[in-house]
Number of protein chains: 2
Amino acid sequence: MSPSSSPWIRRVDLIPPSLKDNTADADRLVAALRKKLAAEWVDIDVDLLAQLPAILRRCDYRVRCSVFRYRNGWVLTGVDCADHPRPAAGLAVDLGTTRVVLLLIDCAGGRTLGEQAFDNPQIAVGPDVLTRLHHADSPGGLRELTDLMIGGLNRSIGRLCRSAGIEPADICAVSVAGNTAMTHLFLGLEPRWLIREPYIPVVNRPGVLKAADLGIEVSPFARVLIFPNIGSYFGGDLIAGILFSKLHQRNEPALLVDVGTNAEVVLGYKDWLIGCAGAAGPALEGGMTQMGMTAGPGVVDRVSIDPATRRFDIHTIDEKTPRGICGSGVIDLAAQLFLAGMIDIRGKLVSAACGDRLALIEDIRHLVVVPAEQSATGRDLTISQAELDSLVRSKAAMYTILETLTMTVGLDLSEIGTFYVAGTFGCFINPRSAIAIGMLPDLPLERYVPLGNSSLQGAALALRSAAAIDEIDRIRDRITYLELNVNPDFMNRFSAAKFLPHTDTGRFPSVQSQLKDLPHA
Amino acid sequence: MSPSSSPWIRRVDLIPPSLKDNTADADRLVAALRKKLAAEWVDIDVDLLAQLPAILRRCDYRVRCSVFRYRNGWVLTGVDCADHPRPAAGLAVDLGTTRVVLLLIDCAGGRTLGEQAFDNPQIAVGPDVLTRLHHADSPGGLRELTDLMIGGLNRSIGRLCRSAGIEPADICAVSVAGNTAMTHLFLGLEPRWLIREPYIPVVNRPGVLKAADLGIEVSPFARVLIFPNIGSYFGGDLIAGILFSKLHQRNEPALLVDVGTNAEVVLGYKDWLIGCAGAAGPALEGGMTQMGMTAGPGVVDRVSIDPATRRFDIHTIDEKTPRGICGSGVIDLAAQLFLAGMIDIRGKLVSAACGDRLALIEDIRHLVVVPAEQSATGRDLTISQAELDSLVRSKAAMYTILETLTMTVGLDLSEIGTFYVAGTFGCFINPRSAIAIGMLPDLPLERYVPLGNSSLQGAALALRSAAAIDEIDRIRDRITYLELNVNPDFMNRFSAAKFLPHTDTGRFPSVQSQLKDLPHA
């Protein structure tokens, strides 16, 4: 992206005032900006107005303006001398339930200045969303959750800016994508009615807000774009994903799959978009399984098991001593356990095959993935039968959602040419593993396109392109939301999908052929 | 004005949410409001968003919304149950240098709920504008001036609301009209460049701001409309005056005259508007003359002097014991002194005619208007020769401005059918007196139309009519500002006008005929 295409920075050289032209400072600047932006109007906060005379005179009327889109006009979010040494920065935020990720970019040109992530501090209240939402109902609970999030964000912004050599006050634009619940808690909006029939958000389109009104410690004039929701169970993170994948601009239907606590799926192309979301269960969310965590050094992200020897080959991020496993690692592990005959088609641990990797902890059967002497924690890293059961429900939910959605529009899964797979947890899901357990349909691997953190990247795109911002609401308004709990066949299909890879093994020929070739087959 | 035409109140009956229609609370309300307002967009502050779910459910989805125009959209400034017992109120403020006047209205229907006035607390820093503007340059000076004004306003709002039986939080809309300097100090904007060549305001069009951002203690969601300025010496008070007088809609040219520290004059009609302002001097501003004050009980507002006996007949407001004199009283006094031969055509006190009313105070000649034994202060109420000199300069400035402005557009003063005279100080200027001293041209008295406090009434009109709000910027943009200090003949005309009524006595035939008939003629 060339600096000239920067949507939020405008260099303005004003003709200084004179007796012949005694236009007011603000009006002079606004007139020049309106021309540059072809804008009907440009707003200036009163506190920035107050600083304007000194800035303009100090800078000899040659200034760099930060601007942001607001409704059908613009708002001035910063003014510095044209030769100001530090960049005007933008901050994209993926507001995850488990992990919050920040991307700092230079608004002039869109270059990445740094990235940071931190565990969602609301985990202290409850690791899962529902616990937090119930906590928000208690006196002071909502304020506490909002303060936890904003406090964590501000600390992370501080660290990120220090490492990038800029000041938090240099950040003039922020964009935030999160699911509906996280967005509510972020804005201090009571989520009480999100989780009670008929499941009503406070707002679907929060739009553009003042950072200062939200307590975000960046420039006091910065604006925050909040990605809109479709409803209680379909959030702005997915809208950001669509924006980033460009699903809405394609000529042929494709699927966007976001695997998390919710299985969120959008099917469509330039002519239509249909989405649905269903509780996939907590199996894939970091912090949910006993050893589950988000991506980071020492986290298991790939597993392979030799089907003959049942020897484990564990790969960790940065090849550090293992200390946990992330979502993609869990899917890999389950697939490998299945192909090695160590779990059966119901996902149950097979004693004979697991051998001394089996352990009984608090009366629940566990499989030892990494023994204590090889782990960074000094304890066995294990996965329990309960967690495997949960994973089976999650993968069944995902597959059933995919099946239901494509059937609804009269398509077969095999007709979908492209599956964008968003990696919510920073680990890329291996489609081969996801197919092996029947989470994703058995299609040629090249149809699966990893997207990375599409929520974060979509949020960043909104800061990098004015056209992208204009698309957000249009994407939102185009999506038809499919309500699953009114679909009569959904539960039947879900039950059929609760086997590895599926009751109807004919749907997964590649898995069948692998199984056939295995020593224990 | 009928309640149905209320521009800022909308009754909205929403269909409560259901599984069939799970639109978010805010989106549901906004959709209904957009329809009612034919609006492209309606903004809601995040703090109001946070209150929305509880309000909607408590009110059974039947609500009274306060809204306000913002750019080409609307902003929601309040939501209450449809049967809320107290009115949604609007507050109009005339931000005078000497006196601040508040008018409280019911936004539904426009009915006046109360009026209050208080002395501008910035007088503590300096009675005249220039002293205050210089004080604003000192460390902390601007903040002090702004805090004085906002503090005084908040106390006055409290008193006004108590007397009207409402809460300050019931006020959802505020409109403020003041001159450019007062508007700057009100908004906390440095006036440094207003008074230095080339005389540059910080902003001419502050637009609509949040009351909370300005520290005004009304509803935290209330918006404040600030009347725009033309330039450093032509302020929003006059734009409000034009709006109220409807000068800009007339079929024939008319003049709007606002007499204060500045002589502000606008000439025009539906096809064009031309304005100018010149320093008229402090003579007419309350607090400027030793006994000068703004209108109030005991303030001299009319004076007549029997030319035969030179007996004074003093009228005070509410007929209380005299304690001072207001602007219109000073003009009356000067006219009567002149007609009674007690001042000459240069405005100098005539010893022989003044007799024992003459007093020498600190070597300056004074005329005793009310002797100590009849005054409420226990001291003589006097007017000094210096104050009379100042008045002569003021009236000369006003007349010269009127003459220059009409000549500029090729008209003669006698061709102007209507003179709107704004009574800045709450006292109505008697045109007969203003003509006698040559401040206003010698035209049939019926051409002079008193407007009262047109700044306050214009500000109130903006709250009573959406159409009026739309006109404000159009009026501002239509005004051509005539720069007097570049007019070569201005000083010559000014010198000729520094006599009572004028060097060219033929211009004031009615005054001449009065003088002829007098005993001392």
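Note that the coordinates shown come from a computational prediction; the quantities given were computed from them, not determined experimentally.

Caption draft 1: Quick look at the confidence of the model for chain A. Scored by pLDDT, chain A comes out at a mean of 91, with 94% of its residues at no less than 70. With pTM at 0.91, the complex prediction returns an ipTM value of 0.91.

Caption draft 2: Inspection of unusual backbone geometry at higher detail. A cis amide bond, omega -10°, links L500 of chain A with the succeeding residue P501 of chain A. Topologically, P501 of chain A is positioned in the loop between helix 14 (490–496) and helix 15 (509–517). For D318 of chain A, which is not a glycine, the phi torsion comes out positive at approximately 60°. D318 of chain A gets classed as exposed once you look at its relative accessible area, which sits at 54%. Located in the positive-phi region is Y199 of chain B, a residue other than glycine, with phi close to 60°. Positionally, Y199 of chain B belongs in the loop between helix 5 (180–187) and strand 9 (207–210).

Caption draft 3: Looking closely at the interface of chain B and chain A. Facing 42 residues of chain B, the contacting portion of chain A comprises 42 residues. Regarding the contact of chain B and chain A, the summed buried area is about 3,500 Å², with carbon and sulfur atoms giving 58% of it. Ranking the residues of chain B by area buried against chain A places V46, R71 and I200 of chain B at the top, with a combined share of 15%. Linking chain B to chain A there are four salt bridges. Of the charged contacts in the structure, one is a salt bridge between R71 of chain B and D43 of chain A, with a shortest N-O distance of 2.5 Å. Linking chain B to chain A there are 19 residue pairs in polar contact (both at pLDDT 80 or more). Contributing elements (two or more residues each) for the side of chain B that touches chain A: helix 1 (25–37), strand 2 (42–44), helix 2 (46–58), strand 9 and helix 6 (211–214) of chain B.

Caption draft 4: Structural view of the nonpolar core. Core analysis: the largest hydrophobic core is formed by 225 residues, its most contacted members being F186 of chain A together with F186 of chain B. Ignoring anything within four residues of it in the chain, the contact list for F186 of chain B reads L95, T146, M149, I150, L153, V176, L214, I216 and I226 of chain B.

Caption draft 5: How the structure looks around the sheet that holds strand 15 (residues 312–316) of chain A. All names here are of chain A. Here we have three strands laid out as an open sheet, ordered 15-14-16, and mixed in their pairing. Looking along the sheet, the strands with just one partner apiece sit at the ends: strand 15 and strand 16 (324–325). Taken together, the two bridges between strand 14 (residues 299–305) and strand 16 define a ladder with parallel strand orientation. If you follow V299 over to strand 16, its bridge partner there is G324. The sheet strands contacting helix 8 (residues 327–339) are strand 14, strand 15 and strand 16, and the helix crosses strand 14 at an angle near 15°.

Caption draft 6: The arrangement of the packing of aromatic side chains in detail. All names here are of chain A. Under the counting rule described, the total for this entry stands at 20 aromatic pairs over all chains. A centroid spacing of 5.9 Å and a plane angle of 55° characterise the contact between W8 and W74, whose relative ring orientation is tilted. In this pair, W8 sits in the segment before strand 1 (9–13) while W74 sits in strand 4 (residues 73–81), placing the two residues 66 residues apart along the sequence. With a relative accessible area of 1%, W8 lands in the buried category.

Caption draft 7: Region of the structure containing the relation of the copies chain B and chain A. Of the transformation superimposing chain B on chain A, the axial component is 0.0 Å and the angular component is 179°, with the fit at an RMSD of 0.2 Å. Taken together, the turn and the small shift mark the pair as related by a two-fold rotation axis. Considering only C-alpha atoms, the part of chain B nearest the rotation axis is N72 of chain B, at 4.2 Å. Interface overlap between copies is the fraction of interface residues in one copy that are interface residues in the other; for chain B against chain A it reaches 100%, indicating a shared surface.

Caption draft 8: Highlighting the sheet that holds strand 18 (residues 364–370) of chain B. All names here are of chain B. Strand order in the open sheet formed by three strands is 17-18-19, and the pairing between neighbours is antiparallel. A strand with exactly one partner marks an edge of an open sheet, and here the two such strands are strand 17 (358–361) and strand 19 (381–384). Recorded for the sheet is a direction-independent mean angle of 45° between the axes of neighbouring strands. When strand 18 meets strand 19, the two strands line up antiparallel, connected through four bridges. Looking at strand 19, one finds that H366 is bridged to S384. Contacting strand 18 and strand 19, helix 10 (residues 385–408) runs over the sheet at an angle of about 60° to strand 19.

Caption draft 9: How the structure looks around the state of the cysteines. All names here are of chain A. Inspection of the entire model under this criterion finds two disulfides over all chains. For C59, the disulfide goes to C81, at an S-S distance of 1.9 Å. Disulfide C59-C81: the torsion about the S-S bond is -80°, which places it as left-handed. With C59 in the loop between helix 2 (46–58) and strand 3 (62–70) and C81 in strand 4, the pair connects residues that are 22 residues apart, well separated along the chain. Looking at C59, the relative accessible area reads 6%, which means it is buried. A residue is classified by how much of its surface remains accessible, and C81, at 13% relative accessible area, is buried. Distance from the sulfur of C161, which forms no disulfide, to the nearest cysteine sulfur (C172) is 11 Å.

Caption draft 10: A look at the side chain of S245 of chain A. Residue and element names in this part refer to chain A. Assignment of secondary structure puts S245 in helix 7 (residues 236–245). Here the side chain of S245 touches L247 through a polar contact of 3.1 Å, landing on its backbone nitrogen. Beyond its immediate chain neighbours, meaning those up to four positions away, S245 contacts L256, Y420 and L451.

Caption draft 11: Examining helix 4 (residues 141–164) of chain B more closely. The first and last C-alpha atoms of helix 4 of chain B sit 34 Å apart over 24 residues, in line with the 34 Å expected at 1.5 Å per residue. A positive phi of about 70° marks G165 of chain B, the residue just after helix 4 of chain B.

Caption draft 12: Just a negative patch on the surface, in detail. Taken together, the side chains of D47 and D213 of chain A together with D47 and D213 of chain B define an acidic patch exposed on the protein surface. Among the structural elements, D213 of chain A can be located in helix 6 (residues 211–214). The class for D213 of chain A is partly exposed, based on a relative accessible area of 40%.

Caption draft 13: Region of the structure containing helix 13 (residues 466–478) of chain B. Residue and element names in this part refer to chain B. With 13 residues, helix 13 extends 19 Å between its outermost C-alpha atoms, agreeing within 8% with the 18 Å of an ideal straight helix rising 1.5 Å per residue. Taken as a whole, helix 13 carries its principal kink of about 25° at I472. Taken together, the buried positions of helix 13 are A468, I469, E471, I472, I475 and R476. For helix 13, the N-terminal cap is S465; the gap from its side-chain oxygen to the backbone nitrogen of A467 is 3.2 Å.

Caption draft 14: Representation of the pairing of strand 3 (residues 62–70) of chain B within the structure. Residues and elements named next belong to chain B. Counting buried residues in strand 3 gives eight out of nine residues, a clear majority hidden from the surface. As judged from the five bridges shared by strand 1 (residues 9–13) and strand 3, these two strands associate in the antiparallel manner. By the bridge assignment, R11 is partnered in strand 3 with R64.

Caption draft 15: Representation of the environment of A359 of chain A in the model. Residue and element names in this part refer to chain A. With respect to the secondary-structure elements, A359 resides in strand 17 (residues 358–361). In sequence terms A359 and S328 are 31 residues apart; their C-alpha atoms lie 23 Å from each other. Sequence-distant contacts of A359, that is, excluding residues within four places in its chain, are made with I364, R365, H366 and V368.

Caption draft 16: Structural view of the pairing of strand 20 (residues 419–422) of chain A. Residue and element names in this part refer to chain A. A two-sided burial pattern is seen for strand 20, the buried positions comprising F419 and V421 on one face and Y420 and A422 on the other. When strand 11 (residues 254–259) meets strand 20, the two strands line up parallel, connected through four bridges. Bridged to V257 within strand 20 is V421. Bridge analysis of strand 20 against strand 21 (residues 448–452) gives four bridges, and the strand direction is parallel. Within the sheet, the bridge partner assigned to V421 lies in strand 21 and is P450.

Criteria and cut-off values
- Residues numbered from 1 in each chain as written.
- Chains lettered and ligands numbered in written order.
- Predicted model: local features only at pLDDT ≥ 70, side-chain atom pairs only at ≥ 80, totals over all residues.
- Heavy atoms only, no water.
- pLDDT = per-residue confidence, 0-100.
- Helix = DSSP H or I, 4+ residues; strand = E, 2+ residues; numbered from the N terminus.
- Buried < 20%, exposed > 50% of the residue type's maximum accessible area, 1.4 Å probe, protein only.
- Contact = heavy atoms within 4.5 Å.
- Buried area = accessible area lost by both parts, 1.4 Å probe.
- Salt bridge = Lys/Arg side-chain N within 4 Å of Asp/Glu carboxyl O.
- Polar contact = N/O pair within 3.5 Å; in protein donor to acceptor, adjacent residues only side chain to side chain.
- Core = buried A, V, L, I, M, F, W, Y, C linked by side-chain atoms within 4.5 Å.
- Pairing = 2+ DSSP bridges.
- Axes fitted to C-alpha atoms, helices over the stretch in contact; angles between N-to-C directions.
- Phe/Tyr/Trp six-rings, centres within 6.5 Å; stacked < 30°, edge-to-face > 60°.
- Least-squares fit on C-alpha atoms with pLDDT ≥ 70 in both.
- Disulfide = S-S within 2.5 Å.
- Expected span 1.5 Å × (residues − 1).
- Patch = residues over 30% accessible without salt bridge, like charges linked within 9 Å, V, L, I, M, F, W, Y side chains within 5 Å.
- Areas by Shrake-Rupley, 256 points an atom, 1.4 Å probe, with all protein chains shown as cover.
- Lys, Arg positive; Asp, Glu negative; His and termini not counted.
- Charge placed at Lys NZ, Arg CZ, Asp CG, Glu CD.
- Bend = angle between axes of the 7 residues up to and from the residue.

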